[in-house]
Amino acid sequence: MAGDSETKPEEQAENDSSHGEPFLIGVAGGTASGKSSVCSKIMELLGQNEIDHHQRQVAILSQDSFYRVLTPDQKAKALKGQFNFDHPDAFDNDLIIATLWDIKEGKTVHIPVYDFVSHSRKEETVTVYPADVVLFEGILMFYSQEIRDLFQMKLFVDTDADTRLSRRVLRDISERGRDLESVLAQYITFVKPAFEEFCLPTKKYADVIIPRGVDNIVAINLIVQHIQDILNGGLTKRLNGCFGGLAKTQPNMESSSRPH
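Residues numbered from 1 in each chain as written. Predicted model: local features only at pLDDT ≥ 70, side-chain atom pairs only at ≥ 80, totals over all residues. Heavy atoms only, no water.

1. A short note on the pairing of strand β2 (residues 58-62)
A regular strand carries its side chains on alternate faces of the sheet. The element β2 is largely enclosed, with a buried count of 4 among its 5 residues. Pairing geometry for β2 and strand β5 (residues 133-137), over 5 bridges, is parallel. By the bridge assignment for β5, V58 is matched with V133. (Buried < 20%, exposed > 50% of the residue type's maximum accessible area, 1.4 Å probe, protein only. Helix = DSSP H or I, 4+ residues; strand = E, 2+ residues; numbered from the N terminus. Pairing = 2+ DSSP bridges.)

Shown next, in the form of structure tokens:
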């Protein structure tokens, strides 16, 4: 109860509604396009990395945490590189929606931890406390309209296919214990077709397109300034200002050439 001096900090955070409704930002883009790097850079420029998790005004979530629990048959395919993790059905969208609604209501949420080596959820979870702004990144964040409509701002990180492939190869070999042949086979069989069918078409829903990802410091600085305005202005500015002058800058941020 409010005012109860014996309430533990975790319980206070669990019931904290002082933040009001947070401003939700979806960040989409192809595999290894730099979505998480963009989010991390935004956090860095806002000075949020030096703040305790309980007190942070900005939080980051990843769609990668919400892969479905695989059946034994699906897991066997995954271990052979024969399961399509880039298909919309690979994600637990019901859990994503429930989590987003809990976040909107100012609740503390517990995010699954996915093990990409064993292709399974770990027993532990990550606790995300109420924040004023929440960045939620993932390859298919805009694919489901029900999820897409929960975001007040939508960003699309647009990086050329060769760069994304090279990053994915290095990541999967170094971090996920895979060999080059299996990484390339998975990319050709599942990743590239799924990007073209499911991810790339959602680019049209973006309010701001960020070519070159984290290297586009001009676009990132504009987004950081907008988030800073939200943090300084509170709920009134969130609702009335919405995107401020940011959306008007989209033509200058968007690549003039074909993305892929």
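On we go.
2. Observations regarding unusual backbone geometry
The backbone phi angle of H119 is positive, close to 55°, even though this residue is not glycine. With a phi close to 70°, R212 is a non-glycine residue in the positive phi region. Looking at where R212 falls in the secondary structure, it is placed in the loop between β7 (208-211) and α8 (217-241).

3. Comments concerning a nonpolar patch on the surface
Among the surface-exposed residues, L45, I217, V218 and L222 lie close enough to one another that they form a single nonpolar patch of about 310 Å² accessible area. Residue contributions to the nonpolar patch peak at 3 residues, all from α8. Secondary-structure assignment places L222 in helix α8. Given the relative accessible area of 34%, L222 is considered partly exposed. (Patch = residues over 30% accessible without salt bridge, like charges linked within 9 Å, V, L, I, M, F, W, Y side chains within 5 Å. Areas by Shrake-Rupley, 256 points an atom, 1.4 Å probe, with all protein chains shown as cover. Salt bridge = Lys/Arg side-chain N within 4 Å of Asp/Glu carboxyl O.)

4. Some words on the environment of F142
Tracing the sequence through the fold places F142 in the loop between β5 and α5 (145-148). Residues contacting F142, with those up to four places away along its chain left out, are G26, V27, A28, R148, F151, K154, L155, T202 and Y205. (Contact = heavy atoms within 4.5 Å.)

5. Focus on the pattern of salt bridges
Counting across every chain of the model gives 11 salt bridges. As a salt-bridge pair, K41 and E44 come within 3.5 Å of each other at their nearest N and O atoms. Taken together, the positions of K41 and E44, both in helix α2 (residues 35-45) and 3 residues apart, correspond to about one turn of that helix. A salt bridge links R121 to D92; its shortest N-O distance comes to 3.3 Å. Linking R121 in strand β4 (residues 120-128) with D92 in the loop between α3 (72-79) and α4 (93-104), this pair joins segments that are 29 residues apart in sequence. On the accessibility criterion, R121 (28% relative accessible area) is partly exposed. Looking at D92, the relative accessible area reads 17%, which means it is buried. Among the ionic contacts, a cluster of salt bridges with common partners joins R168, R171, D172, R176 and R178.

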